[in-house]
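Structural overview for review
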Amino acid sequence: MIIAIDGPAGSGKSTVAKLLAQELNIEYIDSGAIYRTFTLYGMQSFEGNCAGHEDQIAEAVANNPDLISITYENHSQIMWLNRKQVSKELRVLKLTKQVKFIADSPRCRELVNAKIRKISQSYSVVIDGRDIGTIVFPNTPYKFYLDAKPLVRAKRRAIDLNIPQEGEEFEELLKSINQRDRYDMDREIAPLKIADDAVHVDTSDLSIEQVMAVILGHFERIKQSDKVF
Ligand code: DC
């Protein structure tokens, strides 16, 4: 079973995906963390800048299957780069600004998708990302698209980052969320968009418990439907 959860940054998809994985006792694949690990490798190899080196990064990963690996512990995804755990290094702003070069690279995207598909052959999974329901698993019947107003998403990020929900720093955060939305939605390859058959949930005015109730309700409905064999 493959459950796809797509949506913009801060829409709540990673929280929902983790809870869903626990509830259903399946694995959670954080596809963004895989893109981020490619980015970290590129930054380490090319003086902090992945731009223009995307094909070299893809080639290094393709030629060395151990360079980037993924393990699971208690339903948590652990990212490894050169046999070193890097999960905690992936969410810094410097790296977030670089990840677009990897996300824009067809060769890198193919490699990320191959890793995701390989894990999904062995395990039931819930995967969050931008193109999971549209490109990576277009045939799965379990597809969700989570969304929320940009201001709400910026406030959620501010809480995660422990910064005030107003003022200069917050305005910067809101600006970067809007920029990332535009970048993810406007790019030519695998843009963020709602799959025709996805369940669209606007989480702006919902608590996480309410979002989970909506998602689990649809999950049960889809499971019962004759689309699933
Ligand atoms: O979900 P995240 O913020 O960790 O994702 C990091 C970046 O990776 C995001 O800006 C877009 C890209 N990404 C993508 O293009 N496709 C995915 N399936 C997941 C992430």
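Our structure is the block above this text.
Now for a look at the structure at hand.

**Here we look at the nonpolar core**
- Ranked by internal contacts, the top residues of the largest apolar core, which has 35 residues, are Ile-29, Ile-34, Phe-38, Ile-57, Met-79, Ile-116 and Ile-127.
- Ile-3, Ala-17, Val-199 and Ile-215 belong to the second-largest nonpolar core, a separate cluster that totals 19 residues.

**Brief notes about the sheet that holds strand β8 (residues 199-202)**
- Taking strand neighbours across the sheet as the criterion, the 5 strands line up as β2-β6-β1-β7-β8 in an open arrangement whose pairing is parallel. With partners counted over all chains shown, the strands left at the sheet margins are β2 (27-30) and β8, one partner each. Within this sheet the neighbouring strands show an average axis-to-axis angle of 20°, counted without direction.
- Where strand β7 (residues 142-147) and β8 come together, 4 bridges link them in parallel fashion. Bridging across to β8, Asp-147 finds its partner in Asp-202.
- Lying on the sheet, helix α2 (residues 31-45) is in contact with β2 and β6 (125-129); it crosses β2 at an angle near 45°.

**What about the site of the ligand?**
- Of all residues adjacent to the ligand, which total 15 residues, the nearest are Arg-36, Arg-109, Asp-131, Arg-180 and Arg-187.
- Within the side chain of Ser-31, a nitrogen or oxygen atom sits 3.1 Å from a nitrogen atom of the ligand.
- Of all the secondary structure elements, the ones that give two or more residues to the shell around the ligand are α2, α4 (93-103) and α8 (168-186).
- No other element matches the 4 residues that α2 contributes to the shell around the ligand.
- Broken down by class, the residue content of the shell around the ligand amounts to 4 nonpolar, 3 polar and 8 charged.

**What to know about the pattern of salt bridges**
- Across all of its chains, the model carries 11 salt bridges by this definition.
- The salt bridge involving Asp-131 is made with Arg-109; its shortest N-O contact spans 3.0 Å. Of this pair, Asp-131 sits in the loop between β6 and α6 (132-136) while Arg-109 is found in helix α5 (residues 106-122), placing the two residues 22 residues apart along the sequence.
- Assessed through its relative accessible area of 4%, Arg-109 is described here as buried.
- Of the charged contacts in the structure, one is a salt bridge between Lys-149 and Asp-205, with a shortest N-O distance of 4.0 Å. One end of the pair, Lys-149, is in the loop between β7 and α7 (150-161); the other, Asp-205, is in the loop between β8 and α9 (208-224), with 56 residues separating them in the sequence.
- Judged by its relative accessible area of 45%, Lys-149 is partly exposed.
- Looking at Asp-205, the relative accessible area reads 66%, which means it is exposed.
- Salt bridges sharing common partners tie together Arg-130, Asp-184 and Arg-187.

**Quick look at the sheet that holds strand β5 (residues 84-85)**
- Here we have 3 strands laid out as an open sheet, ordered β3-β4-β5, and antiparallel in their pairing. The outermost strands of the open sheet, each flanked by one partner alone, are β3 (68-73) and β5.
- As judged from the 2 bridges shared by strand β4 (residues 76-81) and β5, these two strands associate in the antiparallel manner. Bridge pairing in β5 places Leu-81 opposite Lys-84.
- Those strands touched by α2 are β3 and β4, and its axis lies near 20° from that of β4.

**As for the packing of aromatic side chains**
- Using the criterion set out here, one finds 1 aromatic pair in the structure.
- The positively charged end of Lys-100 is found above the aromatic ring belonging to Tyr-183, 5.6 Å away from the centroid.

About the criteria used
- Residues numbered from 1 in each chain as written.
- Predicted model: local features only at pLDDT ≥ 70, side-chain atom pairs only at ≥ 80, totals over all residues.
- Heavy atoms only, no water.
- Core = buried A, V, L, I, M, F, W, Y, C linked by side-chain atoms within 4.5 Å.
- Buried < 20%, exposed > 50% of the residue type's maximum accessible area, 1.4 Å probe, protein only.
- Pairing = 2+ DSSP bridges.
- Helix = DSSP H or I, 4+ residues; strand = E, 2+ residues; numbered from the N terminus.
- Axes fitted to C-alpha atoms, helices over the stretch in contact; angles between N-to-C directions.
- Contact = heavy atoms within 4.5 Å.
- Near = heavy atom within 4 Å.
- Polar contact = N/O pair within 3.5 Å; in protein donor to acceptor, adjacent residues only side chain to side chain.
- Nonpolar A, V, L, I, M, F, W, Y, C, P; charged D, E, K, R; others polar.
- Salt bridge = Lys/Arg side-chain N within 4 Å of Asp/Glu carboxyl O.
- Phe/Tyr/Trp six-rings, centres within 6.5 Å; stacked < 30°, edge-to-face > 60°.
- Lys NZ or Arg CZ within 6 Å of the ring centre and 35° of its normal.

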